[in-house]
Amino acid sequence: ALLEQALINLILNAIEAVGARPQPHVWLSVRQSGHERVTITVEDNGVGMNAEVQEKIFVPFFTTRRNGSGVGLSISRQIVHVHGGTIAVLSTPDEGTTFTIRL
């Protein structure tokens, strides 16, 4: 249930990021490697983030949203870590963002 909440946070962020795009896309993919590790990817073609923002997004209470609380990504990272995984972000301004969870 906690991993589900982490994924919901990532998907909701992606949906918000693509809101103003003429052709919005959010992709969710899941792969299992030969070592029984699972990789979950949430990718969007939204507004993206610069490097400075990417460095801060997992810090509690940091937000770029006008009405955001800044806890969603911080909690998501904690959930993934409790499950023995990692979460990473790759983003390019005006092109999109990819979050990768490895468990």
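Structural data are supplied above this passage.
Residues numbered from 1 in each chain as written. Predicted model: local features only at pLDDT ≥ 70, side-chain atom pairs only at ≥ 80, totals over all residues. Heavy atoms only, no water.

1. Quick notes on unusual backbone geometry
A negative phi holds for most residues other than glycine; trans holds for most peptide bonds.
Turning to step 1, where the next piece is worked out: Here the phi dihedral of Glu36 falls at roughly 60°; this positive angle occurs in a residue that is not glycine.
Turning to step 2, where the next piece is worked out: Its place among the elements puts Glu36 in the loop between strand 1 (26–32) and strand 2 (38–44).
Turning to step 3, where the next piece is worked out: Of note in the backbone geometry, Asp94 takes a positive phi value of approximately 65° without being a glycine.
Turning to step 4, where the next piece is worked out: With respect to the secondary-structure elements, Asp94 resides in the loop between strand 3 (86–92) and strand 4 (96–102).
Turning to step 5, where the next piece is worked out: By relative accessible area, which is 59% here, Asp94 ends up exposed. (Helix = DSSP H or I, 4+ residues; strand = E, 2+ residues; numbered from the N terminus. Buried < 20%, exposed > 50% of the residue type's maximum accessible area, 1.4 Å probe, protein only.)

2. Some points on the packing of helix 1 (residues 2–17) against helix 3 (residues 72–82)
Turning to step 1, where the next piece is worked out: Contact pair helix 1 / helix 3: the axes reach a minimum separation of 9 Å and the direction vectors enclose 145°. Viewed along their axes, helix 1 and helix 3 form a crossing whose handedness is left-handed. In contact with Leu2, Leu3, Gln5, Ala6, Asn9, Leu10 and Asn13 of helix 1, helix 3 contributes Gly72, Leu73, Ser76 and Ile79.
Turning to step 2, where the next piece is worked out: Per-class residue counts for the contact of helix 1 with helix 3 are 6 nonpolar, 5 polar and no charged. (Axes fitted to C-alpha atoms, helices over the stretch in contact; angles between N-to-C directions. Left-handed = near helix turned anticlockwise from the far one by under 90°. Contact = heavy atoms within 4.5 Å. Nonpolar A, V, L, I, M, F, W, Y, C, P; charged D, E, K, R; others polar.)

Treat this as a map of the structure, not an account of what it does.
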